[in-house]
Amino acid sequence: MYINFFKPLSDRIGALILLILFVPLIVITALIVLLKLGRPIVFAQKRPGIHGKTFTIYKFRTMSNEYDNHGELLSDEARLKGAGKLIRSLSLDELPQLLNVLKGEMSFIGPRPLLVEYLSLYTPEQSKRHNVKPGISGWAQVNGRNAISWEEKFRYDVEYVENISFWFDLKIIVLTILKVFKTEGISQEGNVTMEKFNGAN
């Protein structure tokens, strides 16, 4: 009852309310991106959702489009600075994903949607993370976010899927709010976000 009715219903109602309440914050963030990073303001990319079905995820851009003398994009670290770094540290880049929640493609809480190219690299156990809708935040995010290993991240994702409940979601929401204010786990040591996943060892 919770997974199939209450959770998706509360997700969409919550997303609609937050989109209305956050209009000023969304507009201000969009203006900062436009003035500091230029167009496009929103980053859109295909990601796998529930059962691996792809959808287009939306995020505010946090990286510039700077190239080196050979026409190659600079490293993520070189392109993430100033306004972009601030927007990411405060998780403001995630605000457009409220549209994904409103459309029913994502949930507030669930495993984070990763790259489509990772689908073929998961073990059967790791693939369980796609048995539910992906989330803006999740059990792995409040337990280290990008600062933990892929193996740890997937263990937390599967643990969530196997124990999903209203109280579990509520706990993650509270912990997420605390994490945002502390700006913890945004990047993995030696990387701007997280190193690329190359499959199970």
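Analysis parameters
- Residues numbered from 1 in each chain as written.
- Predicted model: local features only at pLDDT ≥ 70, side-chain atom pairs only at ≥ 80, totals over all residues.
- Heavy atoms only, no water.
- Pairing = 2+ DSSP bridges.
- Helix = DSSP H or I, 4+ residues; strand = E, 2+ residues; numbered from the N terminus.
- Buried < 20%, exposed > 50% of the residue type's maximum accessible area, 1.4 Å probe, protein only.
- Contact = heavy atoms within 4.5 Å.
- Salt bridge = Lys/Arg side-chain N within 4 Å of Asp/Glu carboxyl O.
- Lys, Arg positive; Asp, Glu negative; His and termini not counted.
- Polar contact = N/O pair within 3.5 Å; in protein donor to acceptor, adjacent residues only side chain to side chain.
- Patch = residues over 30% accessible without salt bridge, like charges linked within 9 Å, V, L, I, M, F, W, Y side chains within 5 Å.
- Areas by Shrake-Rupley, 256 points an atom, 1.4 Å probe, with all protein chains shown as cover.
- Axes fitted to C-alpha atoms, helices over the stretch in contact; angles between N-to-C directions.
- Nonpolar A, V, L, I, M, F, W, Y, C, P; charged D, E, K, R; others polar.

A.B. asks: Please clarify how the pairing of strand β2 (residues 54–60) should be interpreted in this entry.
C.D. replies: Within a regular beta strand, the side chains point alternately toward one face of the sheet and then the other, so they alternate between its two faces. Here strand β1 (residues 42–48) pairs with β2 via 7 bridges, running antiparallel. Among the inter-strand pairings, phenylalanine 43 is bridged to a residue of β2, identified as lysine 59. Two successive antiparallel strands, β1 and β2, enclose a turn made up of 5 residues, where histidine 51 displays a positive phi of approximately 60°.

A.B. asks: How should the side chain of arginine 129 be read in this particular structure?
C.D. replies: Its place among the elements puts arginine 129 in the loop between β3 (107–109) and β4 (135–137). In this structure arginine 129 comes out as buried when scored by relative accessible area, which is 2%. Excluding residues that lie within four positions of it along the chain, arginine 129 makes contacts with Pro111, Arg112, Leu114, Tyr122, Phe154, Asp157 and Val161.

A.B. asks: Help me out: how do you make sense of helix α4 (residues 82–89) in this one?
C.D. replies: An α-helical segment advances 3.6 residues per turn. Residues three or four places apart therefore align on the same side. Of all the positions in α4, only Ala83, Gly84, Ile87, Arg88 and Ser89 are classed as buried. For α4, the secondary structure elements touched by its buried residues are α2 (23–36) and α7 (166–182). Serine 91, located one to two residues past α4, shows a positive phi value of around 60°.

A.B. asks: I tried to follow the pattern of salt bridges on my own but got confused; where do I start?
C.D. replies: A side chain with one charge may pair with a side chain of the opposite charge, provided their charged atoms come close. With the rule as written, the count across this model stands at 9 salt bridges. As a salt-bridge pair, aspartate 93 and lysine 59 come within 3.6 Å of each other at their nearest N and O atoms. Residue aspartate 93 is located in the loop between α4 and α5 (97–102), and its partner lysine 59 is located in strand β2; the two are separated by 34 residues in the primary sequence. Here lysine 59 falls in the buried class, since its relative accessible area comes to 17%. For glutamate 105, the salt bridge goes to lysine 103, with nearest N and O atoms at 3.4 Å. Under the relative-accessibility criterion, glutamate 105 is labelled partly exposed at 21%.

A.B. asks: Please clarify how the side chain of arginine 47 should be interpreted in this entry.
C.D. replies: Along the chain, the position of arginine 47 falls in strand β1. No salt bridge is formed by the buried arginine 47; the nearest opposite charge belongs to glutamate 94, separated by 7.8 Å. Within the structure, arginine 47 has its side chain in polar contact with the backbone oxygen of proline 113 (distance 2.7 Å). When sequence neighbours within four positions are dropped, the list of residues in contact with arginine 47 reads Lys53, Thr54, Phe55, Ile57, Pro113, Leu114, Leu115 and Val116.

A.B. asks: What exactly am I supposed to notice about a nonpolar patch on the surface here?
C.D. replies: There is a patch of nonpolar side chains on the surface, built from Met1, Phe5, Phe6, Leu9, Ile13, Ile17, Leu21, Phe166, Trp167, Leu170, Val174 and Leu178 and spanning about 1300 Å² of accessible area. When residues of the nonpolar patch are traced back to their parent elements, those giving at least two are α1 (2–21) and α7. Sort the elements by how many residues they give to the nonpolar patch and α1 lands first, with 6 residues. Assignment of secondary structure puts phenylalanine 5 in helix α1.

A.B. asks: Could you clarify how one ought to interpret the packing of α1 against α2 in this entry?
C.D. replies: Each pair of packed helices gets described by two things: the angle between the helix axes and the distance between those axes. Interhelical geometry of α1 versus α2 gives an angle of 65° and a closest axis separation of 4 Å. Where α1 abuts α2, its residues Leu19, Ile20 and Leu21 lie against Val23, Pro24 and Ile26. Of the residues belonging to the contact of α1 with α2, the class tally is 6 nonpolar, no polar and no charged.

A.B. asks: Help me understand unusual backbone geometry in this model?
C.D. replies: Most of the time, phi is negative for any residue but glycine, and the peptide bond is trans. Residue proline 40 is bonded to the preceding arginine 39 through a cis peptide linkage, with omega at -5°. One non-glycine residue, histidine 51, adopts positive backbone phi at about 60°. Along the chain, histidine 51 falls in the loop between β1 and β2. The phi torsion at serine 91 lies on the positive side, around 60°, for a residue other than glycine. If you trace the backbone, serine 91 turns up in the loop between α4 and α5.

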